[in-house]
Amino acid sequence: MDVFGLLGNPVGHSLSPPMHEAAYDELGTDARYVTFEPAPDDLGAAIEGARALGVAGLNVTIPFKQDALAYVEPDDLAARIGAVNTIDFSDGDDSADDLPTGHNTDAAGVRRSFAHHDVTLADRNAVVVGAGGAARAAAFALADAGAAVHVANRTAERAERLVADVGRGTPDGAERATAGGLDTLETRVPDADVLVNATSVGMEEDRSPVPSETLHGDLAVLDAVYRPLDTRLLREARERGATTIDGAWMLLYQGVEAFELWTGRDAPVDAMNEALRARL
Ligand code: SKM
C-alpha cells in the first residue's frame, strides 16, 4: 500500500484526504492519504521521518510551505515562488544527503483552473489581489503563461517585492509586471481580462476586496477562497457578466497536479471534483 499525506498545522479542515482517496478508489489504487500535524520546530524531522517510513509523497500547507524549502531539492518553479506544497520521495536514493524533490502545484492549480474554463492567459492583462503565498503562486503562474501581471496589495511594498521576484524569474516578466496598493484596482480592473483574489477577504465576512463598479463582462475572475464557495466577489462579478471560477477549482487542480507528479498517471479529475464539492 502507498501512503501519501499532508503536513500542516492545523490540518483538521483539509479536504485533501477525501479528494485524493476518491482518486485511489476510482483507479483501484491501493493507497491512503493521511494528515500529519507536526509542531513547527519538527518540520525537518517530520519530512525525514516520513521518508524513513516509506511515505511516497507529501503535500505541505500552512505554516510550512516556505520552511519546507530547506528540506527538499526544489524544482525551478518552487524555488522561484519560494514555497513548496508537494514533496516527492520517489526519485531519491534514500541516502541521508539525497533530498526529496519539492514542487509547487498551487501555480498549476491557478493555470489549470483557467484552462478548465477555456480562459486563455497569454498576452492577457491580469490582476492579482494580495501578495502572500497564494498570490505568489498566482503571479508566477500567470506571468509564466504570458500574461501581463499587476499585483495590488494593502501594502504596496510587499506587492513590489513580489513583482521584482516575478521579473527576475520570468522571461519578459520584468517589463510586464507592475505593483501598487489596493487603490490601483480602480484603474487596473476595468482594463483587465483576468482577476485573481489571493487574499482571505470574503472568507470570514461577506466582503469583497475589489470595488464592484470596476468589474465587467470581459473579465474571468478566480477567487482562491473556497469557504464559502460563492463569495461576494464572485456574486458581484457574475452580476456584471464576468466568468467566475470558485476556489474549489484551484484546490482541485493543485491536488490533480500533485497526484500526477506522484503517480505518473492522469488523475480522475471528475471523481476528485465530486468528492471535494460533496463536502463544501
Ligand atoms: O497547496 C495546498 C495543499 O497541497 C493542500 C491544502 C489542503 O489540503 O488544505 C491546501 C493548499 O495549501
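Residues numbered from 1 in each chain as written. Predicted model: local features only at pLDDT ≥ 70, side-chain atom pairs only at ≥ 80, totals over all residues. Heavy atoms only, no water.

Caption draft 1: How the structure looks around the UniProt feature "active site" (unreviewed entry) in the protein chain. UniProt records the feature "active site" (unreviewed entry) at K65, using the numbering of this structure. Residue placement: K65 occurs in the loop between β3 (57–60) and β4 (73–74). Residue contacts for K65: discarding those within four places in its chain leaves V60, A83, V84, N85 and D106. (UniProt positions renumbered as here; feature names shortened; annotations may be inferred. Helix = DSSP H or I, 4+ residues; strand = E, 2+ residues; numbered from the N terminus. Contact = heavy atoms within 4.5 Å.)

Caption draft 2: Structural view of the packing of helix α1 (residues 16–27) against helix α11 (residues 269–277). Running from amino to carboxyl end, α1 crosses α11 at an angle of 140°, the nearest separation of the two axes being 8 Å. Here α11 runs oblique to α1, going by the angle between their axes. Considering the relative orientation of α1 and α11, their crossing is right-handed. Taken together, the residues of α11 that come into contact with α1 (itself represented by P18, M19, H20, A22, A23 and E26) are A271, M272, A275 and L276. Residues that form the contact of α1 with α11 fall into these classes: eight nonpolar, one polar and one charged. (Axes fitted to C-alpha atoms, helices over the stretch in contact; angles between N-to-C directions. Parallel < 35°, antiparallel > 145°, perpendicular 65-115°, else oblique. Left-handed = near helix turned anticlockwise from the far one by under 90°. Nonpolar A, V, L, I, M, F, W, Y, C, P; charged D, E, K, R; others polar.)

Caption draft 3: Broad picture of the packing of aromatic side chains. Using the criterion set out here, one finds four aromatic pairs in the structure. Between W249 and Y253, the aromatic rings sit 6.5 Å apart at their centres with planes inclined by 20°, giving stacked as the arrangement. Of this pair, W249 and Y253 are both found in helix α10 (residues 247–263), four residues apart, which corresponds to roughly one turn of the helix. Through a chain of ring-to-ring contacts, three or more aromatic side chains come together here, namely F4, Y24, F259 and W262. (Phe/Tyr/Trp six-rings, centres within 6.5 Å; stacked < 30°, edge-to-face > 60°.)

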